[in-house]
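Read off the chains here:
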Amino acid sequence: ESREWMVSLEAGGFFTSNALLAPFAEQQDWVGRSVIRAAWAPAITDQLSLMMSASYGLWRYSDLPFLDFDDVGAQAGLIWSADAPLLAGGMARSSAWAQYRYNRLLLPWEWDSLLYETHFAEAGLRQAWGIGKDVAVWISGNAAASVAGRPALFRRSEYSAQCGALWHITPKLNATVLYRA
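In short, a report on the structure. In this numbering scheme, every chain counts its residues from 1 along its sequence in written order. Local features in this predicted model are restricted to residues of pLDDT 70 or higher, and side-chain atom pairs are both shown and tallied only at a pLDDT of 80 or more, whereas totals for entire chains, interfaces and linings draw on every residue. As a rule here, side-chain values cover all heavy atoms of the structure and leave hydrogens and water aside.

1. What to know about the packing of aromatic side chains
Stage number 1. Ring pairs are drawn from Phe, Tyr and Trp, using the six-membered ring of Trp, whenever the two centres fall within 6.5 Å, and their geometry is named by plane angle: stacked under 30 degrees, edge-to-face over 60, tilted for the rest. According to the stated counting rule, one finds eight aromatic pairs in the structure shown.
Stage number 2. When the ring of Phe14 is compared with that of Trp59, the centres are 5.7 Å apart and the planes differ by 20 degrees; the resulting orientation is stacked. Here Phe14 is found in strand β1 (residues 5–16), whereas its partner Trp59 is found in strand β3 (residues 48–61), with 45 residues between them in sequence.
Stage number 3. Counting every residue linked through ring pairs, the aromatic cluster contains Phe14, Trp59 and Phe69. Under the DSSP-based scheme used, a helix requires at least four consecutive residues in state H or I and a strand at least two consecutive residues in state E, with every element numbered from the N terminus.

Okay, structure coming up:
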């Protein structure tokens, strides 16, 4: 089944031990995130695809609503995926990617406000395993280097390792659990 075009709705919740991102004034909070995303991923070869997407996300804090923001994003890059068969949810057993990513953070529902914007050069790897036909687990690593942004004071590069599990509930619904360090 071809998935060249995709529109998705995502919802999730996160716990953070340092919502203020401050080295000496750490404060815990829960964050809710809702995203609408449109993506186009045409195959270039059997293992290589172009990937382009745009998204709009809402980030809402439970105890610290003054931190709420909206997130406008776009990305374009290449994804390499190992040969079929695919795992649950269409996940490849092995994959790697390199892409350009843009993020613009705004005050909630104020599209002309700018809290922060950044341009990233990003690359990552993922290895996945199937558990039955409906579950996949994985480990991955990602590096995103900020190549431009404003205000410059907030520019940062991100390096992360992840492990997670995906449950393919129905042909159009997946549930994911993820830990990121």
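2. A closer look at the side chain of Arg104
Stage number 1. Tracing the chain through its elements places Arg104 in strand β5 (residues 94–106).
Stage number 2. Of note is the side chain of Arg104, whose polar atom sits 3.3 Å from the side chain of Glu117.
Stage number 3. Contacts were defined at the residue level, with two residues in contact if any of their heavy atoms lie within 4.5 Å. With sequence-adjacent residues up to four places away left out, Arg104 is seen in contact with Asp70, Asp71, Val72, Ser113, Leu114, Tyr116, Glu117 and Arg150. Whenever a nitrogen or oxygen atom comes within 3.5 Å of another N or O atom, the pair is scored as a polar contact, on the condition that within protein one atom can donate a hydrogen and the other can accept it, and that pairs from neighbouring residues in sequence are kept only if both atoms are in side chains.

3. Regarding the nonpolar core
Stage number 1. Leu87, Ala88, Met91, Ala128, Ala136, Trp138 and Leu166 form the largest nonpolar core, which has seven residues in total.
Stage number 2. When neighbours within four sequence positions are excluded, Ala128 is seen to be in contact with Leu87, Met91, Ala92, Arg93, Val137 and Trp138.
Stage number 3. Judged by nonpolar contacts, the second largest core, of six residues, contains Ala19, Trp59, Tyr61 and Leu64. By convention a nonpolar core is built from buried Ala, Val, Leu, Ile, Met, Phe, Trp, Tyr and Cys residues, the set being connected through side-chain atoms within 4.5 Å. Buried residues are those whose accessible area, probed at 1.4 Å on protein chains only, stays under 20% of the maximum for their type, while exposed residues exceed 50% and partly exposed ones sit between those limits.

4. A few points about the sheet that holds strand β6 (residues 116–131)
Stage number 1. Following DSSP output, two strands are said to pair if at least two bridges run between them. Judged by pairing direction, the sheet is antiparallel, and its nine strands sit side by side in the order β1-β2-β3-β4-β5-β6-β7-β8-β9 without closing on themselves. The open sheet is flanked by β1 and β9 (173–180), the only strands paired with a single partner. When strand polarity is set aside, the average angle formed by the axes of neighbouring strands in this sheet is 25 degrees.
Stage number 2. Direction of pairing for strand β8 (residues 158–170) relative to β9: antiparallel, over a ladder of eight bridges. For Gly164, the partnering residue across the bridge sits in β9 and is Leu178. Every axis in this analysis is a line fitted to C-alpha atoms, fitted for helices over the stretch in contact. Angles between the N-to-C directions lie between 0 and 180 degrees.

5. Brief notes about the pattern of salt bridges
Stage number 1. For salt bridges, the criterion is a side-chain nitrogen of Lys or Arg within 4 Å of an Asp or Glu carboxyl oxygen. Throughout the structure, instances matching the rule amount to ten salt bridges.
Stage number 2. Here Arg101 and Glu122 are joined by a salt bridge, their closest N and O atoms 2.7 Å apart. Placement of Arg101 in strand β5 and of Glu122 in strand β6 is noted, with a sequence separation of 21 residues between them.
Stage number 3. Between Glu158 and Arg180 there is a salt bridge, and its shortest N-O distance comes to 3.7 Å. In this pair, Glu158 is assigned in strand β8 and Arg180 in strand β9, connecting sequence segments 22 residues apart.

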